[in-house]
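Chain by chain, the residues:
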Amino acid sequence: MTGKQRREQLLEIGRTVFAERGYDGTSVEEIAERAGVSKPVVYEHFGGKEGLYAVVVDREMQLLLDMVTGALTGGHSRELLEQAAFALMDYIDTSTDGFRILVRDSPVAQSTGTFASLISDIATQVEDILGLEFKARGFDARLAPMYSQMLVGMVALTGQWWLEVRKPDKAEVAAHLVNLAWHGLEGMERHPRLVGDRKA
């Protein structure tokens, strides 16, 4: 096996073990054992568990971001929302281990990026689309960043839930997400107000 092939093998095994056990529950010893190599081989390629984990997280974050941005091909705003919802659901469906890794907290994730920072990156992409839609409807476009965080967060949290239950199917979940987001936006008040007693 070449050095490059060994590195890829270790990344794939590491990805599987991190998804199964989480960062804290994973050891270099187990990764090396599953790969049929000694621990120094893992250290040689990645410097340790933290380095391996950082590469796995970076790859998964890039894959998800590429899937979402690649899915936003245009069309009506509702179609863009559907495309974004499907992209995340597709990622969860095809890269289940990767999604499990991204949504877990770990000390390394703080330095290499977190699921929250990835969601923020995706929300930034959605922000421009929402800004145009807000402007066209007479809403304050300066609020688009906040609403994009809300929409993307709603999809991401639903994705976490769906990861475990897998029912209803992906298309139905996407349709319900879009229904709530779209019709919620459709009936949005220009100047929302609280109706309860609490005001601050």
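What you see is a predicted model; the values in this text were computed from it and never measured. Note that residues are indexed from 1 along each chain, following the sequence as it is written. Under the rules for a predicted model, residues below a pLDDT of 70 receive no local features and side-chain atom pairs below 80 are neither given nor counted, while totals for whole chains, interfaces and linings still include all residues. Side-chain measures were taken over the full set of non-hydrogen atoms in the model, leaving aside hydrogen atoms and water.

Colleague: Can you explain the overall build of the chain? Please cite residues and give values.
Modeller: Secondary structure assignment for the chain yields 10 helices and zero strands. Each helix is a run of H or I in the DSSP string that is no shorter than four residues. Each strand is a run of E no shorter than two, and both are numbered from the N terminus. Seen in sequence order, the chain has helices and strands lined up from the N terminus as α-α-α-α-α-α-α-α-α-α. Here's how the labels work: a residue is buried when its accessible area is under 20% of the maximum for its type, exposed when over 50%, partly exposed in between, all with a 1.4 Å probe on protein chains only. Taking all 200 residues of the chain together, the buried fraction comes to 42%. The criterion used for residue contact is that any of the two residues' heavy atoms lie within 4.5 Å. Look at the contacts in the chain between residues 6 or more apart in sequence, and 67% of them connect residues 24 or more apart. When charges are counted, neither His nor the chain ends are considered; positive counts come from Lys and Arg and negative counts from Asp and Glu. Every charge is mapped to an atom, namely NZ of Lys, CZ of Arg, CG of Asp or CD of Glu. For the chain, the centre of its 22 positive side-chain charges and the centre of its 29 negative side-chain charges are spaced 2 Å apart.

Colleague: Which residues make up the UniProt feature "DNA-binding region" (unreviewed entry) in the chain, and what are the values?
Modeller: UniProt positions are given in the numbering used here, feature names are shortened, and annotations may be inferred rather than shown by experiment. As recorded in UniProt, the sites labelled "DNA-binding region" (unreviewed entry) are residues 27-46. The span residues 27-46 shows a helical share of 80% and a strand share of 0%, and its end C-alpha atoms are spaced 13 Å apart.

Colleague: Would you mind going over the environment of Arg 142 in detail, with residue names and values included?
Modeller: Mapped onto the elements of the fold, Arg 142 is located in the loop between helix H8 (115-137) and helix H9 (144-165). The class for Arg 142 is exposed, based on a relative accessible area of 71%. Separated by 15 residues in the primary sequence, Arg 142 and Glu 127 have C-alpha atoms spaced 9.8 Å apart. There is a polar contact of 2.9 Å between the side chain of Arg 142 and the side chain of Asp 140. N or O atoms within 3.5 Å of each other form a polar contact, as long as, within protein, one can give a hydrogen and the other can take it, and as long as residues adjacent in sequence are counted only when both atoms are side-chain atoms.

Colleague: Can you explain the UniProt feature "domain: HTH tetR-type" (unreviewed entry) in the chain? Please cite residues and give values.
Modeller: Residues annotated by UniProt as "domain: HTH tetR-type" (unreviewed entry) correspond here to residues 4-64. Strand forms 0% of residues 4-64 and helix 82%; the C-alpha atoms that close the span are 23 Å apart.

Colleague: Provide a residue-level description of helix H4 (residues 49-71), including the pertinent values.
Modeller: Residue count minus one, scaled by 1.5 Å, sets the expected span of a helix. Taking 1.5 Å of rise per residue, 23 residues should cover 33 Å, and H4 covers 33 Å from first to last C-alpha, within 8% of that figure. Inspection of H4 places Lys 49, Leu 52, Tyr 53, Ala 54, Val 56, Val 57, Glu 60, Met 61, Leu 64, Leu 65 and Val 68 among the buried residues, and these make up the whole buried set.

Colleague: Could you give me a rundown of the confidence of the model for the chain, with the residues and numbers involved?
Modeller: Values of pLDDT, the confidence the predictor places in each residue, fall between 0 and 100. For the chain, mean pLDDT is 86; residues scoring 70 or higher make up 94% of the total. The low-confidence segment residues 106-112, where pLDDT is below 50, has 14 contacts with residues more than four positions distant or belonging to other chains.

Colleague: Describe the packing of helix H1 (residues 3-21) against helix H3 (residues 39-46), naming the residues involved and giving the relevant values.
Modeller: If you want to describe how two helices pack, look at the angle between their axes and the distance between the axes. Here an angle of 0 to 180 degrees is reported between the N-to-C directions of two axes, which are lines fitted to C-alpha atoms, with helices fitted over the stretch in contact. One can describe the packing of H1 onto H3 by two numbers: an axis separation of 10 Å at closest approach and a directional angle of 100 degrees. By the angle class used here, H1 and H3 are roughly perpendicular. Counted together, Gly 3, Arg 6, Arg 7, Leu 10 and Leu 11 of H1 and Val 41, Val 42, His 45 and Phe 46 of H3 form the full contact between these two elements. Amino acids are sorted into nonpolar (Ala, Val, Leu, Ile, Met, Phe, Trp, Tyr, Cys and Pro), charged (Asp, Glu, Lys and Arg) and polar (every other residue, Gly among them). Among the residues forming the contact of H1 with H3, the class breakdown is five nonpolar, two polar and two charged. Comment on the angle field: the value is read as roughly parallel under 35 degrees, roughly antiparallel over 145, roughly perpendicular from 65 to 115, and oblique elsewhere.

Colleague: Residues and numbers for the nonpolar core, please.
Modeller: Each nonpolar core is a collection of buried residues, namely Ala, Val, Leu, Ile, Met, Phe, Trp, Tyr and Cys, held together in the definition by side-chain atoms within 4.5 Å. Ranked by size, the top nonpolar core spans 56 residues in total, and within it Ile 31, Leu 64 and Leu 102 carry the most contacts. Ignoring any residue separated from it by four or fewer positions in sequence, one finds Leu 102 in contact with Val 57, Glu 60, Met 61, Leu 64, Tyr 91, Phe 115 and Leu 118.

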